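# Architecture and fold: a report
Each chain, letter by letter, is given below.
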Amino acid sequence: MSTLPTTQETAPRRTVAIMQPYIFPYLGYFQLIAAADRFVVYDDVQFIKGGWINRNRLLVNGQPFLFTIPLDAPSPNRLIRDIVLNTKTPWRVKLLQTIAQSYRRAPHFELAYDLIERVLHYPQAHTVADLVRVSLTEIIAYLHLPVELIPTSACYNNQHLRSQERVLDICRREEATNYVNAQGGRELYDHETFAAHGMRLHFLQPELHPYRQLGKGEFVPGLSIIDILMNNSVAETAELLRRYHLTQ
């Protein structure tokens, strides 16, 4: 576990992290959220078919089970914010049934299930970006995380910038002193460039420690946050969120 330094000892620290929207993502995603003061959701970039934007994994009968949120005509030629949720099939009911049947004996089933049900039936969620934003907002509130969630489509208007330049522009507007990225983006960003803009660049390496799961099989890592919330209290989840390392 790491503490982020400030560029000056007396300067107020602001840490920014940026990630594409994923539905009920795994623990490492929420560790990135927990490491930030402002968490920016890239919802105005191209949709990736076969990715994790609209799908994740649960534990069903002791085995990982992939669930998918049906979408209306998803295409890599469209932005994530423009991909509409399917309204022709009762997928919400079916997904909630699967969750209820799989986790009804979990120690924190009632609280977690109420949260998930509230997210899936949120009336203003028309796109997959809406649904992800609602899910992240509800879970952040549930876990009492002191972080502000910001969709890129809401305020920056900098889609003409690419990769590192766009990240730097967002960080500059947010007056960031630190930028934290997922470990997989190490080759995309340069420490010296961030330093030239008065920021420190860090990469988050998650530690996915085992916790008690339903079933008698071996621990299955990397499942949706749903599995964690079903099996852990808020305090226990907070402890799991703190188990990461920040590297240069």
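A brief look at the structure comes next. (Residues numbered from 1 in each chain as written. Predicted model: local features only at pLDDT ≥ 70, side-chain atom pairs only at ≥ 80, totals over all residues. Heavy atoms only, no water.)

All right, on to the packing of aromatic side chains then. Summed over the entire model, instances satisfying the criterion amount to eight aromatic pairs. A ring pair is formed by Tyr-179 and Tyr-189, whose centres lie 5.8 Å apart and whose planes are at 75°; its orientation type is edge-to-face. Note that Tyr-179 is positioned in strand β8 (residues 178-182) and Tyr-189 in the loop between β8 and α7 (191-196), a separation of ten residues in sequence. Taken together through their ring pairs, the aromatic side chains of Tyr-22, Tyr-29, Phe-30 and Phe-39 make up a single cluster. In this structure, Arg-55 is placed above the aromatic ring of Trp-52, and the distance from its NZ or CZ to the ring centre is 5.2 Å. (Phe/Tyr/Trp six-rings, centres within 6.5 Å; stacked < 30°, edge-to-face > 60°. Helix = DSSP H or I, 4+ residues; strand = E, 2+ residues; numbered from the N terminus. Lys NZ or Arg CZ within 6 Å of the ring centre and 35° of its normal.)

Another aspect to go through is the pattern of salt bridges. For the structure shown, the criterion picks out ten salt bridges. Where Arg-38 meets Glu-148, a salt bridge forms, and the shortest distance between an N and an O atom there is 2.9 Å. Pair noted here: Arg-38 is in strand β2 (residues 38-41) and Glu-148 is in strand β7 (residues 148-151), with a separation of 110 residues, a long-range link. Judged by its relative accessible area of 40%, Glu-148 is partly exposed. A salt bridge links Arg-242 to Glu-239, with the nearest nitrogen and oxygen atoms 2.8 Å apart. We classify Glu-239 as partly exposed; its relative accessible area is 28%. Here the salt bridges do not stand alone but share partners, grouping Arg-38, Glu-148 and Glu-174 into one network. (Salt bridge = Lys/Arg side-chain N within 4 Å of Asp/Glu carboxyl O. Buried < 20%, exposed > 50% of the residue type's maximum accessible area, 1.4 Å probe, protein only.)

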